[in-house]
Structure formats: C-alpha cells, structure tokens
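Read off the chains here:
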Amino acid sequence: MKGVLLVNLGSPKSPNPKDVKPYLDEFLMDKYVIDVPYLLRALLVRGIILRKRPEESAHAYQKIWWEEGSPLMVLSERMHKKVQAKTDIPVALAMRYGEMTIEKGLQELHNQGVTEVLLFPLYPQYAMASTLTILVLAEKIRKEKFPHMTFTDVPAFYNKPDYIKNLSDLIQKSLEGYEYDQLVFSYHGIPERHIRKTDVTKSHCKINGSCCNTPSAAHAFCYRHQCYETTRLVVEQLGIPKEKYTQTFQSRLAGDKWLEPYTDVEIDKMPSKGIKKIAVVTPAFVTDCLETLEEIAMRAKEDFEANGGEEFLAIPCLNDDDNWVETVVNWIEEWKCPLTPKGGIQENAKLN
C-alpha cells in the first residue's frame, strides 16, 4: 500500500525560552546545519549560541505566535488536511525538528498498512540543511524501525512548471493594485561551503557570476543555482523587467561566508537609491514561518521605513493555497498511478 509523508521544518512547542531552547539545540546540533566536527559544534551551540539565543528567538516567536499555535505548524496542518481530502491514499505530516517527528509520521503510515512511502520534503530548492537532513534521517529511521518500507524521494521542485505557475500567480495576485519600485526575491541563506560540499562534480561550483548559468550535473544539488533559476522562471512568466527585481539571501550566522547579497543590507540601502516602495517574496519557503513573518514582514519592514522607505509589502508563502494543494495532489497521483514518464515530479536524483 502506498502513502505520503509531507515533511516541513518544525517549530518549538511554545514561544517560551524553556521550549525554544531544546528546539534550537536539536536544530543547530544537526551536522547538516552547522557542518563542523561534533565537539566544535557542541562548543559553539551549547557553549555560546544557546546562552542568549533562546530568549532572543522566544521574543521573536512571541511576536508572530497565533492563538492556534505556531504559524508554520497551523498552516502546514491546514495544507495537509486539504491534500488528504483530495487523495485516497494515506498522507501524514511530520517535522524535521520538534515533537511532530518523522518517526511518528512513518509510524502513522505504518499503522495504516503503508509499505511504499512518497517522502516529500516541503522545500522547493535542494540544500544540505533542509532536504538532505530530512532524507538522511528518514532513511536511518526506516532501516531501524520500518525495514519493510520503501521510499521514493520527491526531488527539488524549484523549476517544475506547476510550482512556478502557483508561485507566479500568488505574486501577481498579491501585487494587484500595488505600484512597486522593486520586487525582492529573498531566499534563505546558507554558508558558501555548503554549495561546494553538494557539488557532485567536485569542481563546477565557483560561486561566481557564471557557474550557475553553465549547464552541469552539479545543478541537481546546487541551492544557489536553483534559487536563481526559480527567480528567472517567475520573472519570465510574469514579464517583470530586469530593473524591477533583485535577488537576495537572508538569515545568516556570523563567522562564515554566506551567500550574497544579503537581504537586510540590500533592503536598508534601497531608499537612498530612490527605491521607496518594495514588495518581498520568500520562495525558499512554501509555508510562512519565523523567517518570513518576523524577519521579513516585521524587522525588514521596520528597517526599510526607518531608512526612508514608504511602502513595504510582504508577499505570503503558498501555505494552503488551493492551487498549490492541487499541484501537490497531482504530483501524488502521478506517483501513485504512473502511466508514462512525464519528466515531472517523478524525476529523481540522489546525492551520494
């Protein structure tokens, strides 16, 4: 029997420091997030970061927390329910971090007789700290707890026509009646070394102005290339001229070289360039979360206005948008009942 496991990032149990701290510990101690030797990672995370970060993060979570709970969790559950209502095979929801674990999700499917699982990381672009960590942990749990299960992994869908149309339609709808000077595509940042580590060719990725535009097998796992490709396809579909948009990367940690240009730096200096009205979209996320609701919709907006900006529009993520739900269901149905190869979501690749 077939079933689906949707997997998102996760969230603390509550916006209180006592619950934020173990969540951050699990997240930051992941070797695919902070990819340094264990002892150094433990010293950095538990000896330095977790001394102050839980209270700071808790304050940020408190600003966005809904009455129903974490926005990411609530929106993920809404999307999950809509998907399940449109397909006749079991669909479970799990998080990489927090209490709604991947093991619990697989157990839920196992209890319903599922032996073939479509493992669906809810990330459009591939990255070590998102997609890979989900796939590795899920496989570890499968081998230890559910050895008779088999997995089919949904690959990065950054360039899939249905996804690009969903994202483009959402942006177009959000921009109706809004005269913007600049549309900012803000993607989650990652250290540059992650790009080189996921380069299967071991030589292609130079993180310069040309490698992302030069065809290569490396692009199947190159987060930077996939971000730029998502932007290219969307602006092409919407007919946005080159001078009306920019691409940036947000959420970096000090001490390492992260992907540039940085969202906060670029947005803060826009008013001085005469860019007074902007819209920001965050295509690295399909679900609104701390990084979109607090970092962009609140902090970036406040800083933009403090620097002389006049209007700031934060475009929501796809969340439980009906067209996005329909796309996810169509991909599930394509996997459930394959007819002929379509070059769509069934295409798969594995990083060795």
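In this text the structure is predicted, and so the values were computed from the model without any measurement. (Residues numbered from 1 in each chain as written. Predicted model: local features only at pLDDT ≥ 70, side-chain atom pairs only at ≥ 80, totals over all residues. Heavy atoms only, no water.)

S.K.: Explain the pairing of strand 3 (residues 116–121) here, please?
M.R.: Of all the six residues making up strand 3, five are buried; the element is thus mostly covered by neighbouring parts of the structure. Looking at chain direction, strand 1 (residues 2–10) and strand 3 are connected through six bridges and run parallel. From the neighbouring strand, V7 faces strand 3, where its bridge partner is P121. Strand direction decides the pairing type here: strand 3 and strand 4 (residues 150–153), joined by four bridges, are parallel. Among the inter-strand pairings, L119 is bridged to a residue of strand 4, identified as D153. (Buried < 20%, exposed > 50% of the residue type's maximum accessible area, 1.4 Å probe, protein only. Helix = DSSP H or I, 4+ residues; strand = E, 2+ residues; numbered from the N terminus. Pairing = 2+ DSSP bridges.)

S.K.: Whenever I open this one, the state of the cysteines confuses me. Can you help?
M.R.: Any covalent bond linking the sulfur atoms of two cysteines counts as a disulfide. Per the stated rule, a full pass over the model turns up zero disulfides. Take C205: it sits in no disulfide, and the sulfur closest to it among the cysteines is that of C222, at 4.2 Å. The class for C205 is buried, based on a relative accessible area of 8%. Of the cysteine sulfurs around C227, a residue in no disulfide, the closest is that of C222, at 8.5 Å. On the basis of relative accessibility, which here comes to 0%, the residue C227 falls in the buried class. (Disulfide = S-S within 2.5 Å.)

S.K.: Quick question: what am I supposed to make of the nonpolar core here?
M.R.: A general tendency of soluble globular proteins is for nonpolar side chains to be buried together. In this structure, L5 and Y223 are the most contacted members of the largest nonpolar core, which totals 95 residues. Of the residues forming this core, the biggest block, eight residues, is contributed by helix 2 (residues 38–64). The residues touching Y223, leaving out its near neighbours within four places in the chain, are Q125, Y126, A127, Y187, H188, I190, I195, F249, L259 and A284. (Core = buried A, V, L, I, M, F, W, Y, C linked by side-chain atoms within 4.5 Å. Contact = heavy atoms within 4.5 Å.)

S.K.: Would you mind going over helix 4 (residues 102–111) with me for this structure?
M.R.: For an α-helix, 3.6 residues make a turn, and residues three or four places apart therefore share a direction. What helix 4 keeps buried is the set I102, G105, L106 and L109. Down the axis, helix 4 shows its buried residues gathered within 95° of arc, on one side only. Turned more than 90 degrees away from the buried face of helix 4, the exposed residues are K104 and N111. In this structure, the buried side of helix 4 is in contact with strand 1, strand 2 (91–97), strand 3, helix 5 (128–145) and strand 4. Positive backbone phi, approximately 90°, marks G113, located one or two places after helix 4. (Arc of directions from axis to C-beta.)

S.K.: Would you mind going over the packing of helix 6 (residues 161–174) against helix 8 (residues 223–238) with me for this structure?
M.R.: Each packed pair of helices is defined by two parameters, the angle between the axes and the distance between the axes. Where helix 6 meets helix 8, the axes come as close as 9 Å, and the angle between the chain directions of the two elements is 60°. Taken together, helix 6 and helix 8 sit at an angle that is classed as oblique. Where helix 6 crosses over helix 8, the handedness of that crossing is right-handed. Contacts between helix 6 and helix 8 involve Y163, I164, K165, L167, S168, I171 and Q172 on the former and, on the latter, T230, L233, V234, Q237 and L238. Its residues assigned to classes, the contact of helix 6 with helix 8 comprises seven nonpolar, four polar and one charged. (Axes fitted to C-alpha atoms, helices over the stretch in contact; angles between N-to-C directions. Parallel < 35°, antiparallel > 145°, perpendicular 65-115°, else oblique. Left-handed = near helix turned anticlockwise from the far one by under 90°. Nonpolar A, V, L, I, M, F, W, Y, C, P; charged D, E, K, R; others polar.)

S.K.: Explain empty space enclosed by the protein to me, please; I cannot follow it from the model alone.
M.R.: Following the criterion strictly, the structure yields four cavities of 30 Å³ or more and no others. Reported here for the largest cavity is a volume of approximately 60 Å³. Every residue lining the largest cavity is listed: L9, G10, S11, Y23, Y61, I64, S70, P71, L72, C289, L290 and E291. Those elements that place two or more of their residues in the lining of the largest cavity are strand 1, helix 2, helix 3 (71–85) and helix 10 (290–306). (1 Å grid on protein atoms, 1.4 Å probe; cavity = no way out; pocket = protein on both sides within 12 Å on 5 of 7 lines; lining within 4 Å. Points joined across faces, edges and corners; volume = space filled by probe spheres on them.)

S.K.: Would you take a moment to explain the pattern of salt bridges for this structure?
M.R.: Two side chains that carry opposite charge are able to pair once their charged atoms sit near each other. Going through the model one piece at a time under the given rule, you end up with 27 salt bridges. The partner of D88 in a salt bridge is K336, and the shortest N-O contact between them spans 2.7 Å. With D88 in the loop between helix 3 and strand 2 and K336 in helix 11 (residues 322–336), this pair connects stretches of sequence that are 248 residues apart. Overall, the relative accessible area of 62% leaves D88 in the exposed class. The exposure class of K336 is buried, given its relative accessible area of 18%. In this structure, E266 engages K269 in a salt bridge whose closest nitrogen and oxygen atoms are separated by 3.3 Å. (Salt bridge = Lys/Arg side-chain N within 4 Å of Asp/Glu carboxyl O.)

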